[in-house]
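Below, each chain spelled out in residue letters.
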Amino acid sequence: MKAIRRFTVRPVLPDPLRPLSDLARNLRWSWHAETRDLFQSVDPERWAKSGGDPVRLLGSVSPARLAELAGDRRFLRRLTAVADDLGDYVAGERWYQTQAEGLPAAVAYFSPEFGITAALPQYSGGLGILAGDHLKAASDLGVPLIGVGLLYRHGYFRQTLSRDGWQQEHYPVLDPNELPLTQLRDDDGCPARVCLTLPGGRALHARIWLAQVGRVPLLMLDSDVEENDLGERGVTDRLYGGGSEHRLLQEMLLGIGGVRAVRTYCALTGHPEPEVFHTNEGHAGFLGLERIAELHDAGLDFDSALEAVRAGTVFTTHTPVPAGIDRFDRDVIARYFGPDAELPRIDVQRILALGMETYPGGEPNLFNMAVMGLRLAQRANGVSLLHGQVSREMFAGLWPGFDAEEVPITSVTNGVHAPTWVAPEVLALGARQAGAACAEDALTVGGTERWDAVDDIPDQEIWELRRVLREQLVLEVRERLRASWRQRGAADAELGWIDGVLDPGVLTIGFARRVPSYKRLTLMLRDRDRLTELLLHPQRPVQIVVAGKAHPADDSGKRLVQELVRFADDPRVRHRIVFLPDYGMGMAQKLYPGCDVWLNNPLRPLEACGTSGMKAALNGCLNLSVLDGWWDEWFQPDFGWAVPTADGAGTDPDRRDDIEAAALYDLLERRVAPRFYERGRGGLPDRWITMVRQTLTLLGPKVLAGRMVREYVERLYAPAARAHRTLTPDTARELAAWKARVRAAWPGVSVDHVETTETTATAELGTSVGLRVRVGLGELSPDDVEVQAVSGRVDSEDRITDATTVPLKPSGAPDLEGRLVYEGPLSLDRTGPYGYTVRILPSHRLLASAAEAGLVTVPSEEVVEGAGVLLR
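All residue numbers refer to position in the chain's written sequence, counted from 1. Note on the predicted model: pLDDT of at least 70 is required for a residue's local features to be given, and 80 or more for side-chain atom pairs to be given and counted; whole-chain, interface and lining totals, by contrast, use all residues. With hydrogens and water stripped out, all remaining heavy atoms of the structure feed into the side-chain values.

Where do I start with the overall build of the chain in this structure?
Numbering of helices and strands runs from the N terminus, with a helix taken as a DSSP run of H or I at least four residues long and a strand as a DSSP run of E at least two residues long. Helix and strand counts for the chain stand at 29 helices and 27 strands. This radius of gyration counts C-alpha atoms alone. The globule rule is 2.2 Å times how many residues there are, raised to the power 0.38. The C-alpha radius of gyration computed for the chain amounts to 30 Å, which stays within 12% of the reference 29 Å derived for 872 residues, consistent with globular compactness. Reported as C-alpha extents along the three principal axes, the dimensions of the chain are approximately 95 × 70 × 50 Å. Counting all 872 residues of the chain, 56% fall into the buried class. We call two residues in contact when some of their heavy atoms are within 4.5 Å. When contacts within the chain are restricted to residue pairs at least 6 apart in sequence, those whose partners lie at least 24 apart make up 73%. Across the chain, 98 positive and 120 negative side-chain charges occur, with their mean positions spaced 6 Å apart. For every residue, the accessible area (1.4 Å probe, protein chains only) is compared with the maximum for its type, and the residue is labelled buried under 20%, exposed over 50%, or partly exposed between those bounds. Charge counting treats Lys and Arg as positive and Asp and Glu as negative, with His and both chain ends excluded. In plain terms, the charge of a residue is placed at NZ if it is Lys, CZ if Arg, CG if Asp and CD if Glu.

Shown next, in the form of structure tokens:
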């Protein structure tokens, strides 16, 4: 019989065990080994059945067992020690508290998904895992972050396979009362709410759930409340589900409702108000509109409020392809904003202008969330050096007249939270070698260039550790594979072969990620005969563990999964290659440590960063990857291998795949496998162990989320906080008025004449050329602009590369026509073809970059013809 109503019955813990509840509700247990060990000792069997979830564990332990533990002095001593440790962790001084004054009092970090732990399944892939690692690292460092997201009642889908290998999706219902969450309540005990106004007199209500991530509160908005109609209740049903308007409502709730939730949380708890708002991808971009509306209500006009909001906003883009960005029809945006909908006091045309693609190649009727995010943020970044370059090129249309390298988008390369992703066995070895406190500090705070303690670990210990981890993975794979085949309809009698799947002594390659086409799940299948030879090589076999989910609406991705599954089902090779369905955090934490090589073969440069290889590296796994994302930045032959690419202009996609697959096979056959199986005098693979050691020593410190968050603090959060404090209402009005005046007058700005003291086409290194430039500033004054000489080597088309800019100085009073003369020396500091130009930019003390205003004037063609010669 089916129940007509569902309750969550929580256990009543005996008084001595009350700290267990606090420990279960703080997600620090997900990366703190001592806390997990304590919960496991409550009831090892139930701990395993609960999937390592303390809340589920405590909900299933018998009262008799709880009473027994309440009288167990040894357990109570352990409980007191772990609870005291959490108290010190939450309240004590950490890295952030030891820094110089001026850092933000708080930072609000908005993301559509957060991967904290498998017990809170609110993530789909890399973006969410990165957001979760960001919160954990911020907690370890003591950064006063407030996370903001949505609570999806179905989370992301669970994946199974049909008998013929087709992906099937399942959406289990999540009960917030059974998750490690608490409901935020008003002073009178009622659930705290936020509300958005919708067209047609409707409203969208949401309550606020709180997940405590160490020191960091994570606020999660849930629209499944009785005040909402059925449609509004479903707004937070699924992560990345539904159609266009459904996504728009999710993003309005995340951005606008999220700011309101932060204000509510700070008012109720006394937490400092954020000075910096960090938008993790464009999904949360509407937060800027809500903050403009707040300032509008406080008396600022739209333009001044925009400047004030931009000053304290950081925007991180994660996609290198336009197709990965949410875009909405302008009419839909107009319907959901304006007089009878949300933010009625803001002119809807001003809102539309923030997101419209008003640049060459843009779609003029589409509202682009990333474009709005960039226009609402004074500081923006990509997530690796290469991705920063790709982003500057992709969004260059927002800064017309500037070269891509001058587009104000920097980069902070992603990192991963080592305590979450490093196997306990690896952590234990590090603690034995360097001491527990030193090892913990190295993995969380970072800041060192090398982990020299790794050099002192004997080769035998490193190789034994790798063998143990590989053996654990083999057992895990067999268990998961057997469960998968049962779901596909196989009987136990058919599955005896699974006991022989994988071999703990064979070179093991891992490949696991989402399955969009650019990640090329099936590149390894390009030449199946050659792959089969590698798998079944008599002396140097390889084995491959594959996992990945295709988006529910992506049939092409599902076909890739099916193609891989069908190959892995072949009795000839199924003991050497497996596909594991339902890839998630729990599986990943077993997969990364157990692999010897981590494979990544995206279409370059479409991998923004790709952090799975970082997690593998921290466990002593070597990377085999296309030079994309973080690997392009940090690859060294000591750490692994680079797959050659064929990404030249005009390469046919099929031919490109053939070339790169062949390069991959060659690397595996000729370099990777021989090195793994080669033995030195002591019977160990000495050269392989050296690569593992170098990976841990030199690459380990780079890939930490602690390094990443420290970079955000120093390079983005601190400058944004200073700008936020500077942009008082009066200075915001000043900057807005100045920008308006400059934009109106800019058509009157011109470069009228350029001349140099050099009359020949050659010059000697170290000499200087005098520049004399006559400019017209129209209604502007010299204080409003900077006239620059831009010089450097030139290519075959006379484009300046590796440019150097030097400001020129005004010389004398305006002439009878109001023109000014600017002069200055041009130092010839490089040999070879050399060129220069001049330009005029707006200049103001409150601008964050020369390109911020998006205005520049360069010489006209007529002026260029008389400007002298290129120096060669």
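Just checking my understanding: could you explain the pairing of strand E19 (residues 622–626) for this structure?
Along any regular strand, the residues point their side chains to alternate faces of the sheet. Within E19, five of the five residues are buried, which leaves the element mostly enclosed by the surrounding structure. Where burial is concerned, the two faces of E19 agree: the one with Leu622, Leu624 and Val626 and the one with Asn623 and Ser625 are both buried. Taken together, the four bridges between strand E18 (residues 597–600) and E19 define a ladder with parallel strand orientation. The residue bridging Val597 from the neighbouring strand is Leu622, located in E19. Looking at chain direction, E19 and strand E20 (residues 640–643) are connected through four bridges and run parallel. DSSP calls a pair of strands paired once it identifies at least 2 bridges connecting them.

Got a minute to help me understand the state of the cysteines in this structure?
Here a disulfide denotes a covalent bond joining the sulfur atom of one cysteine to the sulfur atom of another. Any two cysteine sulfur atoms lying within 2.5 Å of each other are counted as a disulfide. Following the criterion strictly, the structure yields zero disulfides and no others. Left unpaired, Cys621 is separated from the closest cysteine sulfur, that of Cys595, by 5.7 Å. Owing to a relative accessible area of 0%, Cys621 belongs among the buried residues under this scheme.

Would you take a moment to explain the packing of aromatic side chains for this structure?
The geometry of two aromatic rings is summed up by the distance between their centres and the angle between their planes. Centres within 6.5 Å are what make two rings of Phe, Tyr or Trp a pair, Trp counting through its six-membered ring; a difference in plane orientation under 30 degrees is then read as stacked, over 60 as edge-to-face, and the rest as tilted. Tallied over the full model, the rule gives 19 aromatic pairs. With 6.1 Å between their ring centres and 40 degrees between their planes, Phe110 and Phe277 make a pair best called tilted. Taken together, the residues span a long stretch of sequence, with Phe110 in strand E1 (residues 107–110) and Phe277 in strand E9 (residues 276–280) at a distance of 167 residues. Each member of the pair, Phe110 together with Phe277, is buried.

What's the story with helix H5 (residues 63–70) in this structure? I'm lost.
Two residues of an α-helix separated by three or four positions point the same way, owing to the 3.6 residues in each turn. When we look at burial in H5, the residues that qualify are Leu66, Leu69 and Ala70. Along the axis of H5, the buried positions cluster into a sector of 100 degrees, meaning they face one direction only. Residues of H5 that are exposed and angled more than 90 degrees away from the buried face: Ala64 and Glu68. On its buried face, H5 is in contact with helix H2 (33–42) and helix H6 (73–91). Picture the helix axis, draw a direction to every C-beta atom, and the arc is the one those directions span.

Is there a simple way to explain the nonpolar core in this structure?
Buried together is how nonpolar side chains tend to be arranged in soluble globular proteins. For this analysis, a nonpolar core means a set of buried residues of the types Ala, Val, Leu, Ile, Met, Phe, Trp, Tyr and Cys, connected via side-chain atoms within 4.5 Å. Counting residues in each nonpolar core, the largest one holds 105 residues, and the members touching the most others are Leu507, Met524, Leu624, Trp641 and Trp688. When sequence neighbours within four positions are dropped, the list of residues in contact with Leu507 reads Pro541, Val542, Gln543, Asp596, Val597, Val672, Ala673, Phe676, Tyr677 and Trp688. Among the nonpolar cores identified, the runner-up in size contains 65 residues, and Ala24, Trp31, Leu151 and Val709 belong to it.

Is there a simple way to think about the environment of Leu354 in this case?
With respect to the helices, strands and loops of the structure, Leu354 is situated in helix H13 (residues 348–355). In this structure the C-alpha to C-alpha distance between Leu354 and Phe39, which are 315 residues apart in sequence, comes to 50 Å. In contact with Leu354, not counting residues within four places along its chain, are Leu289, Phe302, Leu306, Val371, Met372, Arg375 and Leu376.

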